[in-house]
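# Architecture at a glance
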Amino acid sequence: LEYKKNFLKKLIYQLKKNKSRVSLFIEPRTKDIKISKNLNVDCVEIHTGKFCNLVNKKKNYKKELNKIKRAVELGNQIGLEVHAGHGITYESAKILSKIKYINEFNIGHFLIGESIFYSLKTVIKKFKKIIKWIWIFMAMELISLKLKE
């Protein structure tokens, strides 16, 4: 993000002037979250590829997961909508879904790839089960917030 910051600032300005919604695909670094906010984007998509590769290889992913959590929390605190994507599978989605404030998981590539082997209907059904728990968790959080008011 730092390399072409001036170029991005001008481009984002033009897009926003035309009422376009702007999102940046960034690494899970707090520095990139802050730069994104300063560039006046609406949302960011956190790159989850390294985390997902570690999960897939059954290696220790906690450090990478913590980076993602910190980036998501900061993004939420400073008013950015936060998405996550790249390399997400069933297993990594289960883990990532426990992070509060991720508004969207970009899983289209995985869905289509898996559907070649198992059919789109089967793959979507399996992901719906994972997503169902995400929505239940979010509903519980909302109820908890309402009770505190």
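Relevant structure appears above.
Presented here is a report on the structure given in the accompanying data block. Fair warning: this is a prediction, and the values are worked out from it, not measured in the lab.

What counts as what
Residues numbered from 1 in each chain as written. Predicted model: local features only at pLDDT ≥ 70, side-chain atom pairs only at ≥ 80, totals over all residues. Heavy atoms only, no water. Helix = DSSP H or I, 4+ residues; strand = E, 2+ residues; numbered from the N terminus. Buried < 20%, exposed > 50% of the residue type's maximum accessible area, 1.4 Å probe, protein only. Salt bridge = Lys/Arg side-chain N within 4 Å of Asp/Glu carboxyl O. Axes fitted to C-alpha atoms, helices over the stretch in contact; angles between N-to-C directions. Parallel < 35°, antiparallel > 145°, perpendicular 65-115°, else oblique. Left-handed = near helix turned anticlockwise from the far one by under 90°. Contact = heavy atoms within 4.5 Å. Phe/Tyr/Trp six-rings, centres within 6.5 Å; stacked < 30°, edge-to-face > 60°. Lys NZ or Arg CZ within 6 Å of the ring centre and 35° of its normal.

## A few points about unusual backbone geometry
Although it is not a glycine, Lys19 adopts a positive phi angle of roughly 65°. One can find Lys19 in the loop between helix H1 (5–17) and strand S1 (23–26). Lys19 sits in the exposed class, given a relative accessible area of 78%. In this structure, Tyr101 is a non-glycine residue whose phi angle is positive, near 80°. Here Tyr101 shows up in the loop between helix H5 (90–96) and strand S4 (102–106).

## Some remarks on the pattern of salt bridges
Applying the stated criterion across every chain yields a total of five salt bridges. A salt bridge links Arg29 to Asp32, with the nearest nitrogen and oxygen atoms 2.9 Å apart. Through salt bridges with shared partners, one network takes in Lys50, Glu64 and Lys67.

## Observations concerning the packing of helix H3 (residues 49–56) against helix H4 (residues 62–77)
The geometry of a pair of packed helices is captured by two quantities: the angle between their axes and the separation between those axes. Interaxial distance between H3 and H4 falls to 9 Å at its minimum, and their mutual angle equals 150°. Between H3 and H4, the crossing angle belongs to the class labelled roughly antiparallel. The two elements H3 and H4 meet at a crossing, and its hand is left-handed. Across the interface between the two elements, Lys50, Phe51 and Leu54 from H3 touch Glu64, Leu65, Lys67 and Ile68 from H4.

## Some words on the packing of aromatic side chains
In the structure shown here, the tally under the stated rule is five aromatic pairs. Clustering of aromatic rings is evident, with ring pairs tying together Tyr90, Phe110 and Phe127. One cation-aromatic arrangement involves Lys62 over Tyr61; the distance from NZ or CZ to the ring centre is 5.8 Å. A cation over a ring is seen here: Lys126 above Tyr90, with NZ or CZ 4.3 Å from the ring centre.

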